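A structural walkthrough
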Amino acid sequence: MSPVLESEEHKALRAAVSALGNRYGRDYMATVNKEGRHPDELWSEAAKLGYLGVNLPQEHGGGGAGIAELSIVLEELGAAGCPLLMMVVSPAICGTVIARFGTKAQQQTWLPALANGTRVMAFGITEPDAGSNSHRITTTARRDETGDWLLTGRKVFISGVDRADAVLMVGRTEDARTGTLKPCLFIVPTDTPGFEYRQIDMELRAAEKQFELTFDDIRLPADALVGDENAGLLQLFAGLNPERIMTAAFAIGMARYALAKAVEYARDRTVWRQPIGAHQAIAHPLAQSHIELELARLMMQKAAHLYDAGDDTAAGEAANMAKYAAGEACVKAVDQAVHTLGGNGLTAEFGLASLITAARVSRIAPVSREMILNYVSHQTLGLPKSY
């Protein structure tokens, strides 16, 4: 897959990250998963080369670029078979929110460490009883007489908490004028007394584990609040749009890896005196997947461009569309790749079978395809809501 409408700088970044990814590859990631550890070597090298913090401000140790550049990094690592899921969370969501809305102290404390990879931040939004309805979030924060915050709640499917130094937590505070609850963001160190987490047993085998969080009136200092208490939704979506763009990059990279394996196999595997790729029943579905991936990438590039240009409203629409397109293309490409290899597609040697489950994640998280269709229905097309 060749870069489309990219600057020379972007092409150079893509080539450099691809070279890094190919030094590690799928075998490295499979070993990491099998041993139940984190891809620390790749994470550290990517950080040292400036890739993890490419989107963060230069004055805080980052590359001074944007989500467009960070998405290139994740896509190319994925295409090499070794994506870093925590890039979606730590620099893209948490780093972006803190860079845009954090206090100077928060920026100085967290951004250089997120950029150089020495500290990791998780993101806590999903709750067991809220699902896709973020308006039903019940995690609440209240001030006590000292000015500290007391935070109570429960979260599920929170990635990478075991390696995180803190969680950027989505909670709600009471509006003093109206009494209604409004969203707010808090930085919660994982060593905060009373903060507990439990690993969720998943069929998906990945280096990044999923966790359930519980906390009951844990005490946070006044400066744990990120940004303006009255700008919660603006700050929240400043993180969710990059999350969707980066999820699209994750899906496209995964799909490219699977498609490349299938094309190589179809080109080399000979049955009835010719390679199986000569048969249209094999060739056409692979060509279709390639087309769909190119289209998804274009939408992702548009979303990243809009976001980096500061157009949050247009970026929200494009980011949702990019995530939808990439998730659909990824699932289809992985399925077709496995089918192309037949029985070999289910072997550990070719490394495709594990992607069947992983590809589904790009349809489900961080927002389901149905909720994206709802968004487009009423936000873009102006149709009435059903909920």
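Residues numbered from 1 in each chain as written. Predicted model: local features only at pLDDT ≥ 70, side-chain atom pairs only at ≥ 80, totals over all residues. Heavy atoms only, no water.

1. Here we look at the packing of aromatic side chains
Scanning all chains against the criterion turns up six aromatic pairs. Note on F195 and Y197: the rings are 6.2 Å apart at their centroids and 55 degrees apart in plane angle, and the pair reads as tilted. Judged by its relative accessible area of 7%, F195 is buried. With a centroid separation of 5.5 Å and an interplanar angle of 85 degrees, the aromatic rings of Y197 and F211 are classed as edge-to-face. Note that Y197 is positioned in strand β6 (residues 196-199) and F211 in strand β7 (residues 210-220), a separation of 14 residues in sequence. For R119, the ring lying beneath its charged end belongs to W110, and the centroid distance is 3.9 Å. (Phe/Tyr/Trp six-rings, centres within 6.5 Å; stacked < 30°, edge-to-face > 60°. Buried < 20%, exposed > 50% of the residue type's maximum accessible area, 1.4 Å probe, protein only. Helix = DSSP H or I, 4+ residues; strand = E, 2+ residues; numbered from the N terminus. Lys NZ or Arg CZ within 6 Å of the ring centre and 35° of its normal.)

2. Digging into unusual backbone geometry
If a residue is not glycine, its phi is most likely negative; likewise, a peptide bond is most likely trans. Residues A365 and P366 are joined by a peptide bond in cis, for which omega reads -5 degrees. Tracing the backbone through its elements, the reader meets P366 in the loop between α9 (353-364) and α10 (369-380). A positive phi angle is found at D217, which is not glycine, with a value near 55 degrees. You can see D217 is positioned in strand β7. A residue is classified by how much of its surface remains accessible, and D217, at 35% relative accessible area, is partly exposed.

3. Description of the UniProt feature "domain: Acyl-CoA dehydrogenase/oxidase N-terminal" (unreviewed entry) in the protein chain
UniProt records the feature "domain: Acyl-CoA dehydrogenase/oxidase N-terminal" (unreviewed entry) at residues 7-117, using the numbering of this structure. The span residues 7-117 shows a helical share of 71% and a strand share of 0%, and its end C-alpha atoms are spaced 27 Å apart. (UniProt positions renumbered as here; feature names shortened; annotations may be inferred.)

4. Here we look at the layout of surface pockets
A probe as big as a water molecule, rolled over the atoms, marks out the empty space that is left. Volume-wise, the second largest pocket comes out at about 370 Å³. If you go around the second largest pocket, you meet 20 residues; those closest to its centre are R26, A30, A348, G351 and S354. When contributions to the lining of the second largest pocket are tallied by element, the ones reaching two or more residues are α1 (8-35), α6 (232-268) and α9. It is α1 that provides the largest number of residues to the lining of the second largest pocket, a total of seven residues. (1 Å grid on protein atoms, 1.4 Å probe; cavity = no way out; pocket = protein on both sides within 12 Å on 5 of 7 lines; lining within 4 Å. Points joined across faces, edges and corners; volume = space filled by probe spheres on them.)

5. Side note on helix α3 (residues 67-79)
Between its first and last C-alpha atoms α3 spans 18 Å; for 13 residues at 1.5 Å apiece the expected length is 18 Å, and the two agree. Along α3, the residues that are buried comprise I67, A68, E69, L70, S71, I72, V73, L74, E75, E76, L77 and G78. Just past α3, the residue G81 takes up positive phi, approximately 95 degrees. (Expected span 1.5 Å × (residues − 1).)

6. Some thoughts on a nonpolar patch on the surface
On the surface, a cluster of nonpolar side chains totalling about 270 Å² of accessible area is made up of I291, L295 and L298. The residue L298 is located in helix α7 (residues 280-308) in this model. When its relative accessible area of 34% is taken as the criterion, L298 is described as partly exposed. (Patch = residues over 30% accessible without salt bridge, like charges linked within 9 Å, V, L, I, M, F, W, Y side chains within 5 Å. Areas by Shrake-Rupley, 256 points an atom, 1.4 Å probe, with all protein chains shown as cover. Salt bridge = Lys/Arg side-chain N within 4 Å of Asp/Glu carboxyl O.)

7. Some thoughts on the pairing of strand β4 (residues 166-174)
Two faces make up the sheet, and in a regular strand the side chains alternate between them. When you tally the buried positions in β4, you get eight out of nine residues, the bulk of the element. Bridge analysis of strand β1 (residues 121-124) against β4 gives four bridges, and the strand direction is parallel. Pairing of G124 across the sheet is with M169, part of β4. Bridging between β4 and strand β5 (residues 181-189) involves nine bridges; their strand directions are antiparallel. Along β5, the bridge assignment pairs L168 with I187. (Pairing = 2+ DSSP bridges.)

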